[in-house]
Amino acid sequence: MLMHENSMYGEYRKDLAKYAKSEAARLQRDHEELQRWHDSQKRRASDGIRINEEGPETFLEKCRRALATIRDEALRTTSVGNDWLFLALLGTLMALLSFGIDYCIALFQKGQVFFFHALDGQPFPQYLLWILYPTGLILFSAVFTYYVEPNGVGSGIPELKTILRGVVLKEYLSFRTLVSKVVGLACSLGSSLPLGKVGPFVHIASMLATVLNRWMSKLTGNFVNEYHNYDMLAAACAVGVACTFSAPIGGLLFSIEVTTSYFAVRNYWRGFFAATCAALVFRLLAVWGEKAETITALYKSTFRIEFPYDVVEVIFFALIGVICGFGGALFIYMHRKIVHFNRRKTILKKFLQKSRYIYPVCITIIISTFTFPLGFGQFMAGELTPGQVLTSLFSNETWVGATEEEIAEATYAKYWLVDHNVIFLSLGMYVLMTFWMTTVSITMPVAHGIFMPVFIVGAAFGRFVGEAMAAWFPEGFWQGGEHATIIPGGYAVVGAAALSGAVTHTVSTSVIVAEMTGQITHILPVMVAVLIANAISQLLQPSVFNSIIQLKKLPYLPDIAVGEGRTHNILAEDIMNTKLDYIAYEFTYMDLKYVLSQTYHRNYPLLDNDEKRTLYGVVARSELEYLVEQHMGRDARIAEAKRRLEAGTLSVYTPARQREVRADSKDLTVHFDDQSEHAESPTGDSPAGSVATSAASPKPALKRTSFPKDESIHSLGSSGRSDHGLIDLNPEEQLQWESSKLKYRVNFDPCIIDAAPLYVVEKTSLHKIHTLFSLLGVSKAYVTNMGCLVGIVGLEEVRQAIEGSGIYDSDSDADDDMFYDTYEKYEDEYACHGDRFAHEMTEMVTQERS
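To start, this report covers the structure provided alongside it. (Residues numbered from 1 in each chain as written. Predicted model: local features only at pLDDT ≥ 70, side-chain atom pairs only at ≥ 80, totals over all residues. Heavy atoms only, no water.)

Examining the overall build of the protein
Moving on, step 1. The number of helices and strands found in the protein is 32 helices and 11 strands.
Moving on, step 2. For the protein, with 850 residues in total, the buried portion stands at 51%.
Moving on, step 3. Considering only contacts within the protein whose residues lie at least 6 apart along the sequence, 76% involve residues at least 24 apart.
Moving on, step 4. Carbon and sulfur atoms make up 58% of the accessible area of the protein, which totals about 41400 Å². (Helix = DSSP H or I, 4+ residues; strand = E, 2+ residues; numbered from the N terminus. Buried < 20%, exposed > 50% of the residue type's maximum accessible area, 1.4 Å probe, protein only. Contact = heavy atoms within 4.5 Å. Areas by Shrake-Rupley, 256 points an atom, 1.4 Å probe, with all protein chains shown as cover.)

Things to note about the packing of aromatic side chains
How two aromatic rings sit relative to each other is given by the distance of their centres and the angle of their planes.
Moving on, step 1. Throughout the structure, instances matching the rule amount to 27 aromatic pairs.
Moving on, step 2. Summarising the aromatic geometry, the rings of tyrosine 309 and phenylalanine 317 are spaced 5.8 Å apart at their centres and angled 85° between planes, so their arrangement reads as edge-to-face. Each member of the pair, tyrosine 309 as well as phenylalanine 317, carries the same accessibility label: buried.
Moving on, step 3. Clustering of aromatic rings is evident, with ring pairs tying together Phe245, Phe254, Phe394, Phe451 and Phe455.
Moving on, step 4. Positioned above the aromatic ring of tryptophan 399, the side-chain terminus of arginine 463 is 4.1 Å from the ring centre. (Phe/Tyr/Trp six-rings, centres within 6.5 Å; stacked < 30°, edge-to-face > 60°. Lys NZ or Arg CZ within 6 Å of the ring centre and 35° of its normal.)

Brief notes about a negative patch on the surface
Moving on, step 1. A cluster of acidic residues, Glu404, Glu405, Glu406 and Glu409, forms a negative patch on the protein surface.
Moving on, step 2. Structurally, the position occupied by glutamate 406 is in helix H15 (residues 404-409).
Moving on, step 3. We classify glutamate 406 as partly exposed; its relative accessible area is 44%. (Patch = residues over 30% accessible without salt bridge, like charges linked within 9 Å, V, L, I, M, F, W, Y side chains within 5 Å. Salt bridge = Lys/Arg side-chain N within 4 Å of Asp/Glu carboxyl O. Lys, Arg positive; Asp, Glu negative; His and termini not counted. Charge placed at Lys NZ, Arg CZ, Asp CG, Glu CD.)

Some thoughts on the pattern of salt bridges
Moving on, step 1. Under the definition given, this model contains nine salt bridges.
Moving on, step 2. For arginine 644, the salt bridge identified is with glutamate 640, shortest N-O distance 2.9 Å. Note that arginine 644 and glutamate 640 are positioned in helix H26 (residues 634-647) at a spacing of four residues, about one turn of the helix.
Moving on, step 3. Taken together, the salt bridges that share partners define one network made up of Glu640, Arg643 and Arg644.

Examining unusual backbone geometry
Moving on, step 1. Of note, the phi angle at serine 192 is positive, near 65°, even though the residue is not glycine.
Moving on, step 2. Relative to the helices and strands, serine 192 is located in the loop between helix H6 (175-190) and helix H7 (198-220).

Considering helix H14 (residues 386-393)
Moving on, step 1. Taken together, the buried positions of H14 are Val389, Leu390, Ser392 and Leu393. For H14, the angular spread of the buried residues around the axis is 165°, confining them to a single face.
Moving on, step 2. Buried residues along H14 sit against helix H16 (413-416), helix H17 (423-441), helix H18 (451-472), helix H19 (488-504) and helix H20 (509-517). (Arc of directions from axis to C-beta.)

Concerning the sheet that holds strand E3 (residues 583-584)
Moving on, step 1. Taken in spatial order, the four strands line up as E3-E4-E5-E8 in an open sheet, and their pairing is mixed. Looking along the sheet, the strands with just one partner apiece sit at the ends: E3 and strand E8 (753-754).
Moving on, step 2. The pairing of strand E5 (residues 615-620) with E8 spans two bridges and is antiparallel. Residue pairing across strands places valine 619 opposite isoleucine 753, the latter belonging to E8.
Moving on, step 3. Across the sheet, helix H25 (residues 621-632) lies against E3, strand E4 (603-607) and E5, angled at about 80° from E5, the strand it touches most. (Pairing = 2+ DSSP bridges. Axes fitted to C-alpha atoms, helices over the stretch in contact; angles between N-to-C directions.)

Considering the pairing of strand E11 (residues 788-794)
Moving on, step 1. For E11, the buried fraction is high: five of the seven residues fall into the buried class.
Moving on, step 2. Pairing analysis gives six bridges linking strand E10 (residues 780-785) to E11, with the strands arranged antiparallel. Considered in E11, the bridge of threonine 784 is made with leucine 789.
Moving on, step 3. As consecutive antiparallel partners, E10 and E11 are separated by two residues, and within that stretch methionine 786 has a phi angle of approximately 55°, a positive value.

Some points on the nonpolar core
Moving on, step 1. Residues Ile204, Phe245, Leu390, Leu393, Phe394 and Trp416 are the most contacted members of the largest nonpolar core, which totals 143 residues.
Moving on, step 2. Looking at this core element by element, the count peaks at 12 residues for H18.
Moving on, step 3. In this view, leucine 390 contacts Tyr299, Met452, Phe455, Ile456, Ala459 and Met516; residues no more than four positions away in its chain are not counted. (Core = buried A, V, L, I, M, F, W, Y, C linked by side-chain atoms within 4.5 Å.)

Quick look at the side chain of histidine 770
Moving on, step 1. As for its placement among the helices and strands, histidine 770 is situated in helix H29 (residues 766-776).
Moving on, step 2. For histidine 770, a relative accessible area of 8% gives the class buried.
Moving on, step 3. Excluding its chain neighbours within four sequence positions, the residues that come into contact with histidine 770 are Leu557, Pro558, Asp559, Ile560 and Ile802.

Points about the pairing of E5
Moving on, step 1. One ladder, built from five bridges, connects E4 with E5; its direction is antiparallel. In the strand pairing of E5, proline 605 is matched with valine 618.

A look at the side chain of glutamine 112
Moving on, step 1. Within the secondary structure, glutamine 112 sits in helix H3 (residues 78-118).
Moving on, step 2. When neighbours within four sequence positions are excluded, glutamine 112 is seen to be in contact with Trp130, Tyr133, Pro134, Ser191 and Ser192.

Details of the sheet that holds strand E9 (residues 759-761)
Moving on, step 1. Spatial strand order, E9-E10-E11: three strands in an open sheet with mixed pairing. Taken across any chain shown, the strands that pair with only one partner, and hence form the sheet edges, are E9 and E11. On average, each strand axis in the sheet is inclined to that of its neighbour by 35°, with strand direction left out of account.
Moving on, step 2. Across the face of the sheet, H29 comes into contact with E9, E10 and E11 while running at roughly 70° to E11.

Thoughts on the packing of helix H11 (residues 313-343) against H18
Moving on, step 1. Where H11 meets H18, the closest approach of the two axes is 11 Å, and the angle between their N-to-C directions is 145°. Crossing of H11 over H18 shows right-handed handedness. On H18, the residues touching Phe316, Ile320, Ile323, Cys324 and Phe331 of H11 are Val454, Phe461, Gly462, Val465 and Met469.
Moving on, step 2. The residue inventory of the contact of H11 with H18, partitioned by class, reads nine nonpolar, one polar and no charged. (Left-handed = near helix turned anticlockwise from the far one by under 90°. Nonpolar A, V, L, I, M, F, W, Y, C, P; charged D, E, K, R; others polar.)

Things to note about the environment of aspartate 574
Moving on, step 1. Position of aspartate 574 among the secondary structure elements: in helix H23 (residues 572-575).
Moving on, step 2. Residues aspartate 574 and leucine 766, 192 residues apart in the sequence, show an inter-C-alpha distance of 9.3 Å.

Observations concerning the environment of tyrosine 556
Moving on, step 1. Tracing the sequence through the fold places tyrosine 556 in the loop between helix H22 (544-552) and H23.
Moving on, step 2. On the basis of relative accessible area, tyrosine 556 is assigned to the buried category, the value being 8%.
Moving on, step 3. Tyrosine 556 sits 239 residues away from leucine 795 along the chain, and the two C-alpha atoms are 7.4 Å apart.
Moving on, step 4. In this view, tyrosine 556 contacts Lys161, Thr162, Arg165, Ser261, Asn546, Ile549 and Arg799; residues no more than four positions away in its chain are not counted.

Brief notes about the environment of isoleucine 204
Moving on, step 1. If you trace the backbone, isoleucine 204 turns up in helix H7.
Moving on, step 2. With 110 residues separating them along the chain, isoleucine 204 and methionine 94 place their C-alpha atoms 8.1 Å apart.
Moving on, step 3. With sequence-adjacent residues up to four places away left out, isoleucine 204 is seen in contact with Met94, Leu97, Ile101, Leu178, Lys181, Val182 and Leu185.

Here we look at a nonpolar patch on the surface
Moving on, step 1. Residues Phe341, Leu348, Phe351 and Ile358 make up a contiguous nonpolar surface patch of about 350 Å² in total accessible area.
Moving on, step 2. Within the secondary structure, leucine 348 sits in helix H12 (residues 347-354).

Quick look at the packing of H11 against helix H21 (residues 523-540)
Each pair of packed helices gets described by two things: the angle between the helix axes and the distance between those axes.
Moving on, step 1. The contact between H11 and H21 brings their axes to 7 Å, and the two run at 30°. In terms of their interaxial angle, H11 and H21 are classed as roughly parallel. Taken as a pair, H11 and H21 cross one another with a handedness that is right-handed. Across from Phe317, Ala318, Gly321, Val322, Cys324, Gly325, Phe326, Gly328 and Ala329 in H11, the residues of H21 making contact are Pro525, Val528, Ala529, Ile532, Ala533, Ile536, Ser537 and Leu540.
Moving on, step 2. Taken together, the residues of the contact of H11 with H21 sort by class into 13 nonpolar, four polar and no charged. (Parallel < 35°, antiparallel > 145°, perpendicular 65-115°, else oblique.)

So, to be careful, I would describe these as geometric facts and stop short of saying anything about function.
Listed below in structure tokens is the structure:
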């Protein structure tokens, strides 16, 4: 060494620094030279490049080397590159789809008004047209959604929250659901009923992300990562909101609040990038379609900037928040009561179950009657579409005390000012009528959202308060020697954000309205009103999406109330399920087939034996199916037949013997042990050779893969060959061979074993289990005691423990609605088709291994 022994413990020497630098430089040079040599060898081996050492490289060789370098760099950065490309493609396609849907919706809505004016002077035909036009659209939407894919009904955000929690609901993100949702949404919103599009757009973006992820994985050949798919779904939620309001920042924040309890920061850039691409393309399409001159806010406002509001007005803004908080809780309560009323065992429920299309038709006729412009609709701006209503409410004009010239100059003021003096009647009736009509409309079995109609109702209520303030203070407030008039449009912005935030339990609505209007002058009063409304609504009711989750009985983990301490006293041993389906190292193939035939789980815990129950890991069902297929499947049987043919021991079928076997094959039964005739549960003592199996059971426990679908056991020829020319065993030999193979002990070495599954000890508190489930997005955890498996805790056990202890107020009904399918039914259907899924997974594992 170049220093004393104690120099490394605090004493700095100059020669030490030089020595360290020289050694580092030498190692770096050696590493670079070695790396260059390896790269050259790889290029030579993969591309077959042969460089002439005696002369310079040819032009072709240089091109090949450059292409090889580009390919290596692309493969090295494939993950990040695919993400950027995927997110940009997702935002662009969703913007195109959103623009097309909005175009169809606007076309349908304008068509109703056009035909209404085409029949001027004929009130009765106008009324018939006014109710039949939306009824036809709603009826078509309901029929199309039901027959194409019923999962396209509703908002989609509750199901998406459940999926992001780790629960598999594949049918909600399928391509058929995408088609059903797009067509059904265009028709339902084209009816001009109080229905929204935020939730459906979020659902559409999520389905589009799933389809794109599947297609890109096939293109690139990469494996579909489940957690990466969840990251893309989180970004897709932001894309859906961005395409609705052209609000990328508010869209990302809103998607985080409504879909997840915990958000991974690594997904921030994905959400912002995808939402920005979607919002940019969405507004560019409006410019190219000559609907806007340049890229501006969707509902651009022109509020006064130098003095937008007086300090005294903050009190009234807070009052709007208080009223909207109670109004949001009332909205959720009314919606749940309407659903419960439809679910009751009454004559109405039986009638609706038999005639499911009568309900939406009746609701549409009633609502259209109230909005008829020549009747009650003249006090509710019945001729305006929802977009025009929102534009008029955010306008900068003051309608109270407006002259006829000012009303004529305003675009939509004349629709609210009947006889020029009943603005409060029009706004008040619109708020009350649209409030209850929305609660009823969102119970129809069509594709619809909730956010937009609630947002408009809140804007109308805020406009009502603003116009009242303008009437009470016609000259405004005195500030700096000048009078600053009241801006009713600012109150509409505050009311819209407050009521929608109270219903959805979100704060991001304050950012959304700022991006929608293009101004942040009222951001502080908006925040005050939204926070107050949220605080009141959260004390009284769950959010509308959580309420729908309860109504649909989706397996979503409820939140624990803040400051609740009883969850620390409930332990895992108090709520765990001790009835376990597992596999063990001592299992034979007979035991393994019995477990697979009697149960259907995605994963099975692997233990050492039935006595100790030491948990070694978790094995997927597809891996176990692969083991059985490799051990005694069709390929293994044909290989055995070839071996016997080569050894000269393969039996020869005679025509008489063939007819005899055909007649008696249904009664052939093999007993693996003379002392036992019935199978026992795998959780008990099931030794090798204790199961009696029928050779031709009409419903076999596990799907036989011995013969193709078009081949039966009677299709064997007399020479030991099947009709397809394959060498195979005759039925008797097959039964004997299978019975002998079932007695072998299972070798789990070829399996992929998850040696680190999520497990907790018996004394783990419910609060900690709830936190783990929420953070990791898992649906179950194994409970161990000194490494031995004693039980399992799933979403159902945790939910029942939270609701049973009164920590979470769950208002649910025991009856099932005809419009909602429970998750238990989904699992039963999945289990009924378990053979088909097992066969598909076995083929997939076989292809991956080969």
